[in-house]
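# Close look at the chain arrangement
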Amino acid sequence: MDPEAKPRPVRIGSAAEPPETLATMLEAVRDAAGDVPALIALARDTGRTAPRPGEGGTARLWELLASVTSVDVAAGRVLEPHLDALAILAQSGSQAGFPIGESSTDGAWGVFAAEGPGLRLEATPDGAGNYLLNGSKPWCSLAAHLDGAVLTAHLADGGRAAFAVDLHAPGVSCETPLWTSRGLREIPSGTVHFDGVSAVPVGASGWYFQRPGFAWGGMGVAACWFGGAVAVARDFSSALSAAADKGREPDQIALAHLGEADRIIASVSGYLARTAERIDAGELSGSGAWSEALRVRGTVVAAVERIQAVVAQNLGPGPLAFNEKYGKRMADLSLYIRQHHAMRDDAQLGALTLKGDRSW
């Protein structure tokens, strides 16, 4: 848990060594931790060259996301939606920069697709090929810091569609939420209100949720979670080594738990690598993409929770109370994985499995 230790990439099944540019970037992430404008600038720069899912470099993309999150969970939480937004814009088939600049990589982007009770965002045609947004959208992370967003809104026919919007446009107002959580304090997620704001359609009605990239993006989030779990396991290994250097050799329970963490990481890494290969091979471009996303996300969350549990049990309250980096990582990661809907996601997967969407 040495804050000055050189950041290490997280491997997800790739045979080649990570490029040196990744090591340089991870050092920049370490130095920018806690500085939201600096993290956003890094995300914007990274987005210009990062692989996109389904284009032959999915494993590399996931290694990038996992590696950044292993350095700082909040940094991964900044990077992932920006890269996801760029992928969505590319998948829509348009080369336009939409409301921001001449290229989609000119600005810093978010993706806002959550719904909330009592809140509704509606899109109506403006008669000139675009739409006007009216209403409110919840859970809009870092909206006040971003340039644009891909968001979903309700249509008059009852469907939902995606739109690209300039978050600096007149009629946009961002609430600053009262964020009481210890986790992800740099990434408050408030409500954004829209009053007659012009937006550009991204795909037709239903396209956002039906495209295979929706599932691929959900698995990209899981790659971030996996990077956080690797970092916690590394914290554990470093703590045991430091104690051994002082004459306190780890007991059998600590060694067993470290071995369990190693097994979990190796298993999940291999699963992610195989899934990335299947995406790039075109095997997860149809109806089975979302069921695989549910499997990946559930598997990674279970791994994260188990690794956090055994590490916390072994290291006890000391690091949580007095080690800022470790305590922050554990709190950030615990909140981040709650994007997974636990048994409700398993129930959705069970329904798909019952219909025959399974390999066994």
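Residues numbered from 1 in each chain as written. Predicted model: local features only at pLDDT ≥ 70, side-chain atom pairs only at ≥ 80, totals over all residues. Heavy atoms only, no water.

In this section: empty space enclosed by the protein. Using the criterion set out here, one finds two cavities of 30 Å³ or more in the structure. Within this model, the largest cavity holds a volume of roughly 160 Å³. Considering the residues around the largest cavity, the lining is formed by 16 residues, among which P53, L61, L83, D84 and A87 are closest to the centre. Counting residues per element, the ones that place at least two in the lining of the largest cavity are α3 (58-71), α4 (73-91) and α6 (212-245). Grouping the constituent residues of the lining of the largest cavity by class yields nine nonpolar, four polar and three charged. Roughly 50 Å³ of volume is contained in the second largest cavity. Lining the second largest cavity, in full, are M25, V29, L39, L42, A43, T46, V68, A75, V78 and L79. (1 Å grid on protein atoms, 1.4 Å probe; cavity = no way out; pocket = protein on both sides within 12 Å on 5 of 7 lines; lining within 4 Å. Points joined across faces, edges and corners; volume = space filled by probe spheres on them. Helix = DSSP H or I, 4+ residues; strand = E, 2+ residues; numbered from the N terminus. Nonpolar A, V, L, I, M, F, W, Y, C, P; charged D, E, K, R; others polar.)

By volume, the largest pocket is sized at about 1200 Å³. In terms of lining, the largest pocket is formed by 42 residues, of which the most central are R77, V111, A114, R297 and Q339. Take the lining of the largest pocket: its biggest share by element is six residues, from α4. Residues that form the lining of the largest pocket fall into these classes: 23 nonpolar, 10 polar and nine charged.

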